[in-house]
Amino acid sequence: MEDCLFCKIRDGELNCHKVYEDDSILAFLDIQPLTRGHTLVIPKEHASSMDKLSSDSAAALGKALPIVSGAVLKATGAIAYNLIQNNGHEAGMTIAHVHVHIIPRYPDSTHSFLWKYGKIDHEDAKVLADSISDAAL
């Protein structure tokens with residue numbers, strides 16, 4: 001994608017503060033960090049959402065996340081972290097290229113990703129679970 005910011009970073013057209021790279025994955029510091037050490041992990045393959053990402057790139061992302069998360073904890077001294085991955089504008093995605101946020105958390109962290117829980121409708125859940133299962137085949 002010629003207008004994709006993350007593809008331009010991947011291709012070296014834009015600078016970044018790289019923290020990790022392998023054949024399939026690139027990780028760099030977020031330029032608008034929520035906390036010190038806020039890192040983005042992207043597949044080098046362009047995909048606008050997780051469901052459009054190839055199995056190989058998804059596996060590479062899954063392999064890289066524990067490595068980069070551990071490195072962020074070690075380097076920052078953070079005691080915890082959030083992994084955030086949005087898909088689509090309505091979900092809060094601002095750059096349409098799959099990316100995972102690693103957001104380090106510190107003893108004085110105040111931002112919360114907690115939400116008000118609802119209640120499941122078990123009858124609807126049976127139908128919905130079957131529909132999702134069928135769609136996954």
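Check the entry above for the structure.
Residues numbered from 1 in each chain as written. Predicted model: local features only at pLDDT ≥ 70, side-chain atom pairs only at ≥ 80, totals over all residues. Heavy atoms only, no water.

1. Quick look at the layout of surface pockets
Each pocket or cavity is described by its volume, and for the largest pocket that value is around 370 Å³. Where the lining of the largest pocket is concerned, the elements lending two or more residues are α1 (5-10) and β2 (25-29). With three residues, the top contributor of residues to the lining of the largest pocket is α1. Within the lining of the largest pocket, the residues separate by chemical class into 10 nonpolar, seven polar and one charged. (1 Å grid on protein atoms, 1.4 Å probe; cavity = no way out; pocket = protein on both sides within 12 Å on 5 of 7 lines; lining within 4 Å. Points joined across faces, edges and corners; volume = space filled by probe spheres on them. Helix = DSSP H or I, 4+ residues; strand = E, 2+ residues; numbered from the N terminus. Nonpolar A, V, L, I, M, F, W, Y, C, P; charged D, E, K, R; others polar.)

2. A short note on the environment of Ala 27
Within the element layout of this structure, Ala 27 appears in strand β2. The residues touching Ala 27, leaving out its near neighbours within four places in the chain, are His 17, Lys 18, Val 19, Tyr 20, Thr 39, Leu 40, Val 41 and Val 68. (Contact = heavy atoms within 4.5 Å.)

3. Some points on the sheet that holds strand β1 (residues 18-21)
In space, the five strands of this open sheet follow the order β1-β2-β3-β5-β4, with antiparallel pairing throughout. The sheet is open, and its two borders are formed by β1 and β4 (80-84), each paired with just one other strand. Ignoring which end each strand starts from, the neighbouring axes of this sheet average 20 degrees apart. Two strands pair when backbone bridges link them, and β2 and strand β3 (residues 39-43) are joined in this way by five bridges, in the antiparallel orientation. Bridging from a neighbouring strand, Ile 25 pairs with Pro 43 of β3. (Pairing = 2+ DSSP bridges. Axes fitted to C-alpha atoms, helices over the stretch in contact; angles between N-to-C directions.)

4. Description of the packing of aromatic side chains
Two descriptors summarise a pair of aromatic rings, namely the distance from one centre to the other and the angle between the planes of the rings. Applying the stated criterion to the full structure yields two aromatic pairs. On the basis of an interplanar angle of 70 degrees and a centroid distance of 5.7 Å, the ring pair of Phe 6 and Phe 28 is categorised as edge-to-face. Of the two residues, Phe 6 sits in helix α1 while Phe 28 sits in strand β2, which places them 22 residues apart along the sequence. Given a relative accessible area of 4%, Phe 6 falls into the buried group. (Phe/Tyr/Trp six-rings, centres within 6.5 Å; stacked < 30°, edge-to-face > 60°. Buried < 20%, exposed > 50% of the residue type's maximum accessible area, 1.4 Å probe, protein only.)

5. Some points on the nonpolar core
Ranked by internal contacts, the top residues of the largest apolar core, which has 15 residues, are Tyr 20, Ile 25, Val 41, Leu 61, Leu 65, Val 68 and Ile 102. Among the secondary structure elements, those contributing two or more residues to this core are β2, α2 (55-76) and β5 (100-105). Ranked by the residues each element gives to this core, the list is headed by α2, at six residues. When near neighbours in sequence (up to four residues on either side) are disregarded, Leu 65 contacts Val 41, Leu 83, Val 100 and Ile 102. (Core = buried A, V, L, I, M, F, W, Y, C linked by side-chain atoms within 4.5 Å.)

6. Side note on the pattern of salt bridges
Counted under the stated rule, the structure contains four salt bridges. Notably, a salt bridge pairs Glu 21 with Lys 18, separated by 2.7 Å at the nearest N-O pair. Between Lys 44 and Glu 21 there is a salt bridge, and its shortest N-O distance comes to 2.8 Å. Residue Lys 44 is found in the loop between β3 and α2, and its partner Glu 21 is found in strand β1; the two are separated by 23 residues along the sequence. (Salt bridge = Lys/Arg side-chain N within 4 Å of Asp/Glu carboxyl O.)

7. Topic: the pairing of β2
Working note: regular strand, side chains alternate between the two faces of the sheet. The buried fraction of β2 amounts to four of the five residues, a majority that puts the element mostly inside the structure. Bridge count between β1 and β2: three bridges; the pairing is antiparallel. Bridged to Lys 18 within β2 is Phe 28. Between β1 and β2, which pair antiparallel one after the other, the connecting turn spans three residues.

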